[in-house]
Structures are given as C-alpha cells and as structure tokens.
Amino acid sequence: MGRFYQMLESKWLPILGRLANQTHLTAIRDGLIAIMPLTIIGSLPLLIANPFVPRPDKVTGFFSAFATGWHDWVSDPAIRKVILVPYEMTFGLIGLFASMTIAYSLARTYKMNEISAVVVAGVTFLLVASPAESFVLDNAEFNAMKTDFLGGKGLFTALLVGILTVEIARFLRKSKFTIRMPEGVPPAVANAFDNMTPLLVNVAIFYTFSLFLQDWTGSLLPDWVMKILAPAIAAIDSPFAVFFAAVFANLLWFTGIHGAVIVSTAILGAFFEHNIAANAAAVAQGDAPPYIFTKMFWAFYMVIGGSGATLALVLLYLRSKSAHLRSVGKVALVPAIFNINEPVIFGTPVVFNPTLFVPFVFIEGILGVIAYYATKWGLVSATFAEAPWTAPAPLGAFYAALDFRAALLVFFLICLSGLLWFPFFKLYERQVLQESGRDKETKGVA
C-alpha cells in the first residue's frame, strides 16, 4: 500500500490534477451545469403528459375516476401538444443553449467578451444545425428551420461549436485581426465593431464547411457527428462503461479530486445529456426510452448518499462503537440523504484511507451494474425526466423513471451496499478503537 501511495503521488496525481483543471473540460462542465435548470423544468410537462397512476381498468373506486380523468385528458392530441410546449422549448432546444453556455464559460476563462462569444456560438450553431429552408404551401412560399438537431441530437455539435468558435475568436484577438475604431468612439460601439470580425470569420468557416458537407453527402454536420460518435454512444450505454466510470470517478475522489464532477459532468456530461434528451423525446412520442445510462441513473442508483454510495456507511456509523465514527455519522446523515457526502469523506476520512479503499472505489460500480441489468430486463423503467441530483435517491429515482419499482430498487441497493460496506467498516472501526483507546471511545455506548 505504501508503494501504491507513492505511485499515486508521483505519477497519477499530477496527471489527474491537470485533467481536473483542463480548460475545455472545465468549460464543458460549467456549460452543461448551466443548462441543468432547463432540463429539470422541461421534464415537468413529460410527467404531466405521462400519468404515473395506473390505467382506469386496473383500479376501482374514487381513484378510478381520477385515473380515468387524467388518462382521458392527456390522450387528447390537442391537449397533449399544449402540455408539451415547455418541453419543446427547453429539452427541444438543449443543443442551442449548450453551445452558448459552453462558449460563455470558455470565454470567461480566457477573459474574453462573454456576450460576443454567446452570440457567435448561437448563430454558428443555427447555421450548421438548423439552416432555413423554403417550401411552398397553397401557392405561397414559406421559410422554416430544421429542428431535428436543436435538441439532444445536436448536443455534441453544440459542444464543438461552443469550443471552436471561442478558440477562433481567441486566435484572431491574439493576431490582432480585428476592427479597431479610433479613439473617442463610445466603448459599446467600439466593442461591437471589435466583435464583428470573430462573427464574420466563424460564420464563413462553419457555413462554408456545412455547405460543402451537404453538397458532398446530403447531410448536415450534426448528422455526421452523430454517425461518427454512434459507436462511442453505444459503448458508454453499457454495463462495462457504468462500472468503469464509477471506479475512475472514485479513484479520483480517493486522491482528493472531485471525481464525480469530472467524470459525470466534464467527461460523460454530453453523453448523459444526449441520453436523457433522447429518452425524453421517446417518451414524448409515446415510445420506450432507448438508453439506460443517464445522469439520473448515475445520481439515484449509483451515487446513493454521495460518491462511493456512502449512505449505507453513514448509517453504519450511527451504531458504531467508536465515538468519533458516531459523531461523523450524526453530522453526515442529513447531507447524505441529499447525496452530499463531503462530511463523511473528509470527516472519516475516506480519502487516502487504505482500509476503505476497496469498498469506496468499487461498490458504486457494482450497484450500477445491478441497476443496469434491472433496467435492461424490464424490472424497472429507464429514466427520462431530470430531477435535482440532491433529491433523496428513492424519490429522485421514482421521479426520473415515473416508476414505483425504481424507488424499491434504490432501497434494495442501499441494503446491498450496507452489506458490502459492513466488513470494511468493522475493520476500520477496530483500528480507530485501537488507536484512541477502547474505554474512552465506547464511553456512554449502550
């Protein structure tokens, strides 16, 4: 274990530290976090349009009348269309919003004009993902924009646009290839002309490339991006990826780096948003969700109580013979219920604790694989709605999947994680008692 720590400190920590602070990953992370309220609010119409109550033929009494009324109401196509308008304006435009928030985050890092970056990224994304087309209806000509890639399908293109447009603008600024206004011109006017060159160059580059691609292949850029990434999307929606992502995130956490943010948001964030958006779109159309591994799957089936699935560990602490561990348990219980576990990670401590290394790194992945197959085999429904990650896991899982069985699965996973944590907890408890003195530690224990 000593050699393992030396290897972590000398070889891995510098690499992991650079990864945690990598400029573009940080911009992606912050940009995707910024659009999280849109996806949460956009999920609400889906819950209304898809009743979680049983169908009228499966219930009796007053509840039957309630179920009948709800199902009949949302079965009307006109009513359903009205209900889903907020969903279309949030989830349906998530790609557009992501391009702008990622550009904003990256521009802020470079201390560039954030508003200009947002405008350039938004216009550029619309040019390549949703070009206007003309059509004739009743002898009248109309213009319409394609909407296929404004949502989840265009998310990866949005990521590229958000980063590349800012990098191009940064290069132009460094090269002093901008329009300089004479002194005395108001700053707002000068900034407007200064930002004109990045907009012109980005539009010229991306639109020319998009036109070439359409002429050569007949497809838009987002379509090609999705085709290229299709193998990666399929690979990530797998039990192997579920397990590996959890292990990698908790290896980072074990060294003191916030692995959950890096893995679930910076590295997998775009895939998670794509998957939950695709699932939401499928449910909105009355189809089955196509993906299993989403942000909500991670938050409520794997990170139960926080990284490492430490809610069960906190519950074990409450009955510990060690006064120190009992104190940590009391302090950490309420945050753990809301999936916040810094009190237990640093209060134990779990980081750099060789006794707790194995359960902390591997239990979360085991829970994820079990939940993956439970979803794949139809024992629970796939998640499609986005809830705040701080929601208690049983409630969050029910909300995200609109399935009571999801909450039951969470309780099962908490019990299982408790069984897996127990032998390591007892071993660590014994060490704590030996170090501080059994009589002192157990004083006052019934």
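What you see is a predicted model; the values in this text were computed from it and never measured.

A short note on the overall build of the protein chain
Phase 1: The helix and strand tally for the protein chain stands at 23 helices and two strands.
Phase 2: Classification of the 446 residues of the protein chain by burial places 50% in the buried group.
Phase 3: Within the protein chain, counting contacts between residues at least 6 apart in sequence, those at least 24 apart form 72% of the total.
Phase 4: Split by element, the accessible area of the protein chain, about 21700 Å² in all, is 68% carbon and sulfur.

Some remarks on a nonpolar patch on the surface
Phase 1: On the surface, Val334, Ile337, Phe338, Ile340 and Trp389 cluster together into a nonpolar patch covering about 430 Å² of accessible area.
Phase 2: For Ile337, the position within the fold is in helix 18 (residues 323–337).
Phase 3: Judged by relative accessible area, Ile337 falls into the partly exposed class, the value being 36%.

Overview of the pattern of salt bridges
Phase 1: One pass over the full model with this rule turns up eight salt bridges.
Phase 2: When the shortest N-O distance is used, the salt bridge between Arg108 and Asp30 registers 3.9 Å. With Arg108 in helix 7 (residues 94–109) and Asp30 in helix 2 (residues 23–34), the pair connects residues that are 78 residues apart, well separated along the chain.
Phase 3: On the basis of relative accessible area, Arg108 is assigned to the partly exposed category, the value being 42%.
Phase 4: For Lys295, the salt bridge goes to Glu273, with nearest N and O atoms at 2.6 Å. Of this pair, Lys295 sits in helix 16 (residues 295–302) while Glu273 is found in helix 15 (residues 269–284), placing the two residues 22 residues apart along the sequence.
Phase 5: Residue classification places Lys295 among the buried residues on the basis of a relative accessible area of 19%.
Phase 6: The class of Glu273 is buried, set by a relative accessible area of 1%.
Phase 7: One salt-bridge network, in which partners are shared between bridges, spans Arg29, Asp30 and Arg108.

What to know about helix 7
Phase 1: Taking 1.5 Å per residue, 16 residues should reach 22 Å; helix 7 reaches 22 Å between its end C-alpha atoms and fits that length.
Phase 2: Taken together, the buried positions of helix 7 are Ile94, Gly95, Leu96, Ala98, Ser99, Thr101, Ile102, Ala103, Ser105, Leu106 and Ala107.
Phase 3: Along its buried surface, helix 7 packs onto helix 2, helix 3 (36–49), helix 6 (85–90), helix 8 (114–129), helix 9 (155–174) and helix 15.
Phase 4: At the C-terminal side of helix 7, Lys111 shows a positive phi close to 60°.

Observations concerning the packing of aromatic side chains
Phase 1: One pass over the full model with this rule turns up 18 aromatic pairs.
Phase 2: Ring geometry for Phe254 and Phe357: centres 4.9 Å apart, planes at 75°, overall edge-to-face. Of this pair, Phe254 sits in helix 13 (residues 239–254) while Phe357 is found in helix 20 (residues 357–376), placing the two residues 103 residues apart along the sequence.
Phase 3: In this structure Phe254 comes out as buried when scored by relative accessible area, which is 0%.
Phase 4: When its relative accessible area of 14% is taken as the criterion, Phe357 is described as buried.
Phase 5: Three or more aromatic residues link up through ring pairs in this structure, and these residues are Phe272, Phe293, Phe297, Trp298 and Tyr301.
Phase 6: Lying over the aromatic face of Tyr110, Arg170 brings its terminal NZ or CZ to 3.9 Å of the ring centre.

Here we look at the nonpolar core
Phase 1: Ranked by internal contacts, the top residues of the largest apolar core, which has 126 residues, are Phe293, Phe297, Trp298, Tyr301 and Tyr317.
Phase 2: Sequence-distant contacts of Phe297, defined by excluding residues within four places in its chain, comprise Val242, Ile292, Met302, Gly368, Ala371, Tyr372, Thr375 and Thr383.

A few points about the side chain of Asn339
Phase 1: Among the structural elements, Asn339 can be located in the loop between helix 18 and helix 19 (342–347).
Phase 2: Judged by relative accessible area, which is 7%, Asn339 ranks as buried.
Phase 3: A polar contact of 3.0 Å, which involves the side chain of Asn339, links it to the backbone nitrogen of Gly305.
Phase 4: The contacts of Asn339, once residues within four sequence positions are left out, are Ala299, Phe300, Val303, Ile304, Gly305, Gly306, Trp389, Thr390, Ala391 and Ala393.

Here's the deal with the packing of helix 8 against helix 9
Phase 1: Two numbers describe how helix 8 lies on helix 9: the axes approach to 9 Å, and their chain directions differ by 135°. Classified by the angle their axes make, helix 8 and helix 9 are oblique. The two elements helix 8 and helix 9 meet at a crossing, and its hand is right-handed. In this structure, helix 8 uses Ala117, Val120, Ala121, Thr124, Phe125 and Val128 to contact helix 9, whose residues at the interface are Thr157, Ala158, Val161, Gly162, Thr165 and Val166.
Phase 2: Looking at side-chain class alone, the contact of helix 8 with helix 9 contains eight nonpolar, four polar and no charged residues.

What about unusual backbone geometry?
Phase 1: Of note, the amide linkage connecting Thr348 to Pro349 takes the cis form, showing an omega dihedral of -5°.
Phase 2: Here Pro349 lies in the loop between helix 19 and helix 20.
Phase 3: A positive phi angle, close to 55°, is found at Ala309, a residue other than glycine.
Phase 4: Along the chain, the position of Ala309 falls in the loop between helix 16 and helix 17 (311–317).

As for the side chain of Thr294
Phase 1: Position of Thr294 among the secondary structure elements: in the loop between helix 15 and helix 16.
Phase 2: Accessibility expressed as a relative area gives 0% for Thr294, which makes it buried.
Phase 3: Among the polar contacts made by the side chain of Thr294, one reaches the side chain of Thr383 at a distance of 2.6 Å.
Phase 4: Residues within four places of Thr294 in sequence aside, it is in contact with Phe272, Asn275, Ile276, Asn279 and Thr383.

Calculation criteria
Residues numbered from 1 in each chain as written. Predicted model: local features only at pLDDT ≥ 70, side-chain atom pairs only at ≥ 80, totals over all residues. Heavy atoms only, no water. Helix = DSSP H or I, 4+ residues; strand = E, 2+ residues; numbered from the N terminus. Buried < 20%, exposed > 50% of the residue type's maximum accessible area, 1.4 Å probe, protein only. Contact = heavy atoms within 4.5 Å. Areas by Shrake-Rupley, 256 points an atom, 1.4 Å probe, with all protein chains shown as cover. Patch = residues over 30% accessible without salt bridge, like charges linked within 9 Å, V, L, I, M, F, W, Y side chains within 5 Å. Salt bridge = Lys/Arg side-chain N within 4 Å of Asp/Glu carboxyl O. Expected span 1.5 Å × (residues − 1). Phe/Tyr/Trp six-rings, centres within 6.5 Å; stacked < 30°, edge-to-face > 60°. Lys NZ or Arg CZ within 6 Å of the ring centre and 35° of its normal. Core = buried A, V, L, I, M, F, W, Y, C linked by side-chain atoms within 4.5 Å. Polar contact = N/O pair within 3.5 Å; in protein donor to acceptor, adjacent residues only side chain to side chain. Axes fitted to C-alpha atoms, helices over the stretch in contact; angles between N-to-C directions. Parallel < 35°, antiparallel > 145°, perpendicular 65-115°, else oblique. Left-handed = near helix turned anticlockwise from the far one by under 90°. Nonpolar A, V, L, I, M, F, W, Y, C, P; charged D, E, K, R; others polar.

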